[in-house]
Amino acid sequence: MAVASPLSPWSSFRSFICTTNNSDEMSLITVTGYPASGKSTRASQLKAFLDSRHNNVLLLSDHSLNISRDVYSDSRAEKAARGTLFSSMQRLMSPNAILIVDAPNYIKGFRYQMYCAARELKLRVCTIHVVAKDEQCREWNAARSDGEKYTNETLENLMQRYEEPSSMVRWDSPLFTVLWSDEQMPLQAIWEAISEGTVKPPNSGTVAVSKAPSDALLTLEKTALSIITELMNIQDGYGGTVKLSAQIQLPPRRLTLPELQRLKRQFVQVHKKAITLGTVEKGSVDWDENKIAHKFVVYLEEHLKH
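Source: prediction; values computed, not measured.

*Asks:* Whenever I open this one, the overall build of the protein confuses me. Can you help?
*Replies:* Secondary structure summary: the protein contains 10 helices and 7 strands in total. Restricting the contact set of the protein to residue pairs at least 6 apart, pairs at least 24 apart contribute 78%. A total of about 16,700 Å² of accessible surface is found on the protein, and carbon and sulfur atoms cover 52% of it.

See below:
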């Protein structure tokens, strides 16, 4: 069954003009199971049912993102594909949409990441576990066309690595298990979970913090370099308190350029992670030049004692 791309302009326009109960049914539905277990068939069944209840139901899948089955044969390609899936999911999640994510979703840590992203937007969540016997998955995979099937080695590897969801953990709950032999899904129960279930508040550990400015790394490098330049220009006397851009207590010896450069690299490396992640760690770093200068001279004072 062909699935229309959830990223089409018409879908976005339709979701904008429709107003029927949008504020009450906002949710993320994670579909998981063995490869070739019938997940896409169940996801399509679910979407058809939800379309009759809600006017903005989106289906995101490897297929809609043109992610090849071959990526699961290479760990780096698979990681990149998961990143693409997660980014697309974040773009499509909204307070007026039901989003179904149909993908292997076999890693519990990835399902937890999806759950945390949904909690940040205060969305309801549920998990659909599609269960099929190993032999049934092999049979269905073999019957697929070449572009749609997994290699035998990849199929076996994914089934072996699969981390089954559990109703005992919050990121997989509420959990609905659908057997390959079931004629019907628990559609009404799923609807009640995503339209009436408890909306959990964001986890304090996932709440976004202030973003570092785009020129933060450059400011960090330039400020630290200016302090080093000032220090190298006052080498006439040794030791004591010296007032630069920020006041610093120097040791009773001559400082060398190599040791100052080494300390600068270490200082930049300590703070670079916060910049590359795009956030200020718990708000502890202020990217103002004066604040950076103060932090750097404190760092120098501590490490120049040795």
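More follows now that the structure is in view.
*Asks:* I would appreciate a short explanation of helix 3 (residues 75–92) in the present structure.
*Replies:* For the α-helix, the turn length of 3.6 residues means that residues three or four positions removed from each other point alike. Between its terminal C-alpha atoms helix 3 stretches 26 Å, which fits the 26 Å expected from 18 residues at 1.5 Å a residue. Buried residues of helix 3: Glu78, Ala81, Leu85, Phe86, Ser88, Met89 and Leu92, and no others. Seen from one end, helix 3 has its buried residues packed into an arc of 165 degrees, which puts them on one side. What points out from helix 3, more than 90 degrees from its buried face, is the exposed set Arg76, Lys79 and Arg91. Those residues of helix 3 hidden inside the fold are in contact with strand 1 (27–33), strand 2 (57–61), strand 3 (98–102), helix 4 (108–120) and helix 6 (152–161). Its side-chain oxygen placed 3.2 Å from the backbone nitrogen of Arg76, Asp74 serves as the N-cap of helix 3.

*Asks:* Teacher, can you tell me more about empty space enclosed by the protein here?
*Replies:* Over the atoms rolls a probe the size of a water molecule, and its path tells where empty space is left. Taken as a whole, this structure holds 3 cavities of 30 Å³ or more when the rule is applied. Roughly 100 Å³ of volume is contained in the largest cavity. Taken together, 13 residues form the lining of the largest cavity, with Tyr72, Arg82, Leu85, Pro104 and Asn105 sitting closest to its centre. Broken down by element, the residue count for the lining of the largest cavity peaks at 4 residues, all from helix 3.

*Asks:* Which parts of the structure should I look at to understand the confidence of the model for the protein?
*Replies:* As a note on interpretation, predicted positions should not be read in detail where pLDDT is low. Mean pLDDT over the protein works out to 81, with 78% of the residues at or above the 70 mark. Confidence drops under pLDDT 50 across residues 205–209; counting only partners more than four residues distant or on other chains, this segment forms 5 contacts. Counted against residues more than four places away or in other chains, residues 278–284, with its pLDDT under 50, gives 17 contacts.

*Asks:* Can you walk me through the side chain of Ser37 in this structure?
*Replies:* Among the secondary structure elements, Ser37 is positioned in the loop between strand 1 and helix 2 (39–51). Here Ser37 falls in the buried class, since its relative accessible area comes to 2%. Looking at Ser37, its side chain comes within polar contact range of the main-chain oxygen of Tyr34, at 2.6 Å. Those residues in contact with Ser37 that sit more than four places away from it in its chain are Val130, Ala132, Cys137 and Trp140.

*Asks:* Please explain the sheet that holds strand 2 as it appears in this structure.
*Replies:* Where strands meet in a sheet, backbone hydrogen bonds hold them as pairs that are either parallel or antiparallel. Spatially, 5 strands are ordered 2-3-1-4-5 in an open sheet, and the strand pairing comes out parallel. With partners counted over all chains shown, the strands left at the sheet margins are strand 2 and strand 5 (175–179), one partner each. Averaged over all neighbouring strand pairs, the angle between strand axes comes to 20 degrees, with direction disregarded. Note that strand 4 (residues 124–131) and strand 5 share 5 bridges and pair parallel. Paired with Val131 across the bridge in strand 5 is Leu179. Most of the contacts of helix 2 go to strand 3, to which it runs at about 170 degrees, and overall it touches strand 1, strand 2, strand 3, strand 4 and strand 5. Packed on one face of the sheet, helix 7 (residues 187–196) meets strand 1, strand 3, strand 4 and strand 5 and runs near 155 degrees to strand 4.

*Asks:* Help me understand unusual backbone geometry in this model?
*Replies:* Of all residues except glycine, most have a negative phi; of all peptide bonds, most are trans. Residue Ser173 is joined to Pro174 through a cis peptide bond whose omega torsion reads -10 degrees. Despite not being glycine, Ala36 shows a phi value in the positive range, around 60 degrees. Tracing the backbone through its elements, the reader meets Ala36 in the loop between strand 1 and helix 2. Phi at Asn66 takes a positive value of approximately 60 degrees, unusual for a residue other than glycine.

*Asks:* Even after reading the chapter, I still don't get the environment of Ala216, so can you show me in this structure?
*Replies:* With respect to the helices and strands, Ala216 occurs in helix 8 (residues 216–232). On the accessibility criterion, Ala216 (1% relative accessible area) is buried. Between the alpha carbons of Ala216 and Asp288 there is a distance of 8.8 Å; along the sequence they are 72 residues apart.

*Asks:* Where do I start with the packing of aromatic side chains in this structure?
*Replies:* Aromatic rings considered in pairs are described by the distance between their centres and by the relative angle of their planes. Evaluated as defined, the whole model comprises 8 aromatic pairs. Note on Tyr34 and Tyr162: the rings are 5.4 Å apart at their centroids and 85 degrees apart in plane angle, and the pair reads as edge-to-face. With Tyr34 in the loop between strand 1 and helix 2 and Tyr162 in the loop between helix 6 and strand 5, this residue pair connects regions lying 128 residues apart in the sequence. The exposure class of Tyr162 is buried, given its relative accessible area of 12%.

*Asks:* It is not clear to me how the nonpolar core should be interpreted in this structure. Could you clarify?
*Replies:* For soluble globular proteins, nonpolar side chains are generally found buried alongside one another. Counting 34 residues, the largest nonpolar core has Leu28, Met89, Met93 and Leu99 as its most contacted members. Put simply, the parts of the chain that give this core at least two residues each are strand 2, helix 3, strand 3, helix 4 and helix 6. A per-element tally of this core places helix 4 first, with 6 residues. Each residue touching Leu99, except ones within four places of it in the same chain, is listed here: Ser27, Leu28, Ile29, Leu58, Leu60, Met89, Leu92 and Met93. Residues Ile98, Ile100, Phe176 and Ala193 belong to the second largest nonpolar core, which totals 21 residues.

Rules used throughout
Residues numbered from 1 in each chain as written. Predicted model: local features only at pLDDT ≥ 70, side-chain atom pairs only at ≥ 80, totals over all residues. Heavy atoms only, no water. Helix = DSSP H or I, 4+ residues; strand = E, 2+ residues; numbered from the N terminus. Contact = heavy atoms within 4.5 Å. Areas by Shrake-Rupley, 256 points an atom, 1.4 Å probe, with all protein chains shown as cover. Expected span 1.5 Å × (residues − 1). Buried < 20%, exposed > 50% of the residue type's maximum accessible area, 1.4 Å probe, protein only. Arc of directions from axis to C-beta. Polar contact = N/O pair within 3.5 Å; in protein donor to acceptor, adjacent residues only side chain to side chain. 1 Å grid on protein atoms, 1.4 Å probe; cavity = no way out; pocket = protein on both sides within 12 Å on 5 of 7 lines; lining within 4 Å. Points joined across faces, edges and corners; volume = space filled by probe spheres on them. pLDDT = per-residue confidence, 0-100. Pairing = 2+ DSSP bridges. Axes fitted to C-alpha atoms, helices over the stretch in contact; angles between N-to-C directions. Phe/Tyr/Trp six-rings, centres within 6.5 Å; stacked < 30°, edge-to-face > 60°. Core = buried A, V, L, I, M, F, W, Y, C linked by side-chain atoms within 4.5 Å.

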